[in-house]
Amino acid sequence: MKILFSALNAPREHAGGRYHGLLMACALAENGHDVTYATNIKPSFYDDVSQYFNTKTLTLLIDKYFGYTDGLYKSFDLYFGLPTVGGDYACNFGTWENKPSVALVLESPLWVSK
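So, a few notes on the structure that sits alongside this text.

Cut-offs used in this document
Residue numbers restart at each chain and count upward from 1, following the sequence in its written direction. Two thresholds apply to this predicted model, a pLDDT of at least 70 for residue-level local features and 80 or more for giving and counting side-chain atom pairs, whereas whole-chain, interface and lining totals are computed over all residues. Water and hydrogen atoms play no part in the side-chain values, which are based on all heavy atoms of the structure. Here is the rule: rings of Phe, Tyr and Trp (six-membered ring for Trp) pair when centre to centre is within 6.5 Å. Planes less than 30 degrees apart are stacked, more than 60 are edge-to-face, and the remainder are tilted. Note on conventions: DSSP H or I runs of at least 4 residues are helices, E runs of at least 2 residues are strands, and numbering of each starts at the N terminus. Accessible area is worked out with a 1.4 Å probe on protein chains only. A residue is then buried under 20% of its type maximum, exposed over 50%, and partly exposed in between. By the criterion adopted, a ring carries a charge over it if an Arg CZ or a Lys NZ lies within 6 Å of its centre and within 35 degrees of its normal. Think of a nonpolar core as a cluster: buried Ala, Val, Leu, Ile, Met, Phe, Trp, Tyr and Cys residues, connected wherever their side-chain atoms sit within 4.5 Å. It only takes one pair of heavy atoms within 4.5 Å for two residues to be counted as in contact.

### Comments concerning the packing of aromatic side chains
- Enumeration according to the criterion identifies seven aromatic pairs in this entry.
- Judged by centre distance (5.2 Å) and plane angle (45 degrees), the ring pair of Tyr-19 and Phe-45 falls under tilted. Of this pair, Tyr-19 sits in helix 1 (residues 16-30) while Phe-45 is found in the loop between strand 2 (34-39) and helix 2 (46-49), placing the two residues 26 residues apart along the sequence.
- Using a relative accessible area of 0% as the deciding quantity, one classes Phe-45 as buried.
- Each member of the aromatic cluster is reached from another via a ring pair, and the members are Tyr-73, Phe-76, Tyr-79, Tyr-89, Phe-93 and Trp-96.
- Here the guanidinium or amino end of Lys-2 rests over the ring plane of Phe-76, the centre of that ring lying 4.9 Å away.

### Digging into the nonpolar core
- By size, the foremost hydrophobic cluster in this structure holds 17 residues, and its most contacted members are Phe-5, Leu-22, Ala-25, Val-35, Tyr-37, Leu-58 and Leu-82.
- Contributing elements (two or more residues each) for this core: strand 1 (2-7), helix 1, strand 2, helix 2 and strand 4 (78-82).
- By residue number, the principal contributor to this core is helix 1, which donates four residues.
- Other than its neighbours up to four places away in sequence, Tyr-37 contacts Phe-5, Ala-7, Asn-9, Arg-18, Leu-22, Ala-25, Pro-43, Leu-58, Thr-59, Leu-60, Leu-61 and Leu-82.

Following this line, the structure appears as structure tokens:
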């Protein structure tokens, strides 16, 4: 199966949902799926994941703007996004391509802490 993970990452932060999503992407890639992890920047925790998985089985795509029009996000069987913004991209890509999409949102919005 050809799967796209889309994630918006921050430069120096380890976030649970993003970390979990990268682990899932690597696990699927190691088990024979064609997985692309599209993100605005290389996650700060990307190299940490290599302790558990061979990250070379995963395609890392750095795309600051997630530009759908250039064709990079077409022809996937499943669109998987994390967290909120990446989930929005995944849902949009899935809708435009008439394919299933999943949004993994494990983080509480900032207003919950107030």
